[in-house]
Each structure stands twice: as C-alpha cells, then as structure tokens.
Amino acid sequence: MLYLVRMDVNIPHDLPAEQAQEIKAREKAYSQDLQRDGRWQHIWRVAGEYANYSVFDVASNDELHGLLQALPLFPYMKISVTPLAQHPSAIAQN
C-alpha cells in the first residue's frame, strides 16, 4: 500500500544543540535504512520549510504508524498521511 506523508518538523529552540544534532543523526540513519529496504520509496524537501513529502510502500496502516512513530524526530513532528490508489489514467509500471 502506498502512502503520501507530509512531515513538518518543529524542534524546540531550547533543545540543546548537541541533543538536536544527535537526534538528527539517528533520524538520518533510520530513514536511510527504510529507503534501502524499499519501504520509504521517495523523500522530497519542501523548499523554504523544515518539512518533507515522502512516499512509503508498506503492508498496512499499522506498519506505517509503527515506522513513523519510531522516527527519532517524531515527538517534534506534525504528520499528515494520505493513502494512495492507482489512477485510471496512469501508465502502468511493470
């Protein structure tokens, strides 16, 4: 199942810089592992914002929820999820 996910990050200004950098490093490693295994298929930065749009390919809503909740930056995110379905005008990928 495909999902379009928007993640808006809002790290508190009073979070110590070292702690913020450590969280960001764990976030990068975790997200790249998910990209390598194919569940996090695409990630695009939103220009001018600390936000991204991502496409996930996972088996269920519960799996997606678990992956998102495990993000190290999850406590500092607003996340919106849109389930995707094949469009009838799309050229099928083989």
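The following paragraphs examine the structure supplied in this document. The shown structure was predicted, so the numbers you read here are calculated from the model rather than taken from an experiment.

Looking now at the overall build of the protein chain. Of the regular secondary structure elements, the protein chain holds 2 helices and 4 strands. Expressed along its principal axes, the backbone C-alpha trace of the protein chain runs to roughly 50 × 25 × 20 Å. Out of the 94 residues in the protein chain, the part that is buried amounts to 30%. Expressed as a percentage of contacts within the protein chain between residues at least 6 apart in sequence, the contacts between residues at least 24 apart total 69%.

The next thing to look at is helix H2 (residues 61–69). Turning to H2, its buried residues number three or more, namely Leu64, Leu67 and Leu68. Projection of H2 onto a plane perpendicular to its axis shows the buried side chains occupying an angular sector of 95°, all on one side.

The strands that make up a sheet are held in pairs by hydrogen bonds between backbone atoms, and each pair lies either parallel or antiparallel. Taken together, the 4 strands give an open sheet; going across it, the order is E2-E3-E1-E4, and neighbouring strands pair in antiparallel fashion. A single partner strand is all that each edge strand has here, and the edge strands are strand E2 (40–45) and strand E4 (77–84). Sheet twist, expressed as the average angle between the axes of neighbouring strands with direction ignored, equals 20°. The pairing of E2 with strand E3 (residues 51–57) spans 5 bridges and is antiparallel. Note on E3: the bridge partner recorded for Trp44 is Tyr53. The strands touched by H2 within the sheet are strand E1 (2–9), E3 and E4, with E1 carrying the most contacts at an inclination of about 25°.

Another aspect to go through is the environment of Leu73. The residue Leu73 is located in the loop between H2 and E4 in this model. A relative accessible area of 5% means that Leu73 is categorised as buried. What Leu73 contacts, discounting residues up to four positions off in sequence, is Val9, Ile11, Ile23, Glu27 and Tyr50.

On to the nonpolar core. If you look at soluble globular proteins, the nonpolar side chains tend to sit buried side by side. Judged by nonpolar contacts, the single largest core of 19 residues is most densely connected at Val5, Met7, Ile11, Phe56, Leu64, Leu68 and Leu73. Secondary structure elements with two or more residues in this core: E1, helix H1 (17–36) and H2. Counting residues per element, this core draws most heavily on E1, which supplies 4 residues. Those residues in contact with Val5 that lie beyond four places of it in its chain are Asn52, Tyr53, Ser54, Phe56, Leu64, Leu68, Ile79, Ser80 and Val81.

How each quantity is defined
- Residues numbered from 1 in each chain as written.
- Predicted model: local features only at pLDDT ≥ 70, side-chain atom pairs only at ≥ 80, totals over all residues.
- Heavy atoms only, no water.
- Helix = DSSP H or I, 4+ residues; strand = E, 2+ residues; numbered from the N terminus.
- Buried < 20%, exposed > 50% of the residue type's maximum accessible area, 1.4 Å probe, protein only.
- Contact = heavy atoms within 4.5 Å.
- Arc of directions from axis to C-beta.
- Pairing = 2+ DSSP bridges.
- Axes fitted to C-alpha atoms, helices over the stretch in contact; angles between N-to-C directions.
- Core = buried A, V, L, I, M, F, W, Y, C linked by side-chain atoms within 4.5 Å.

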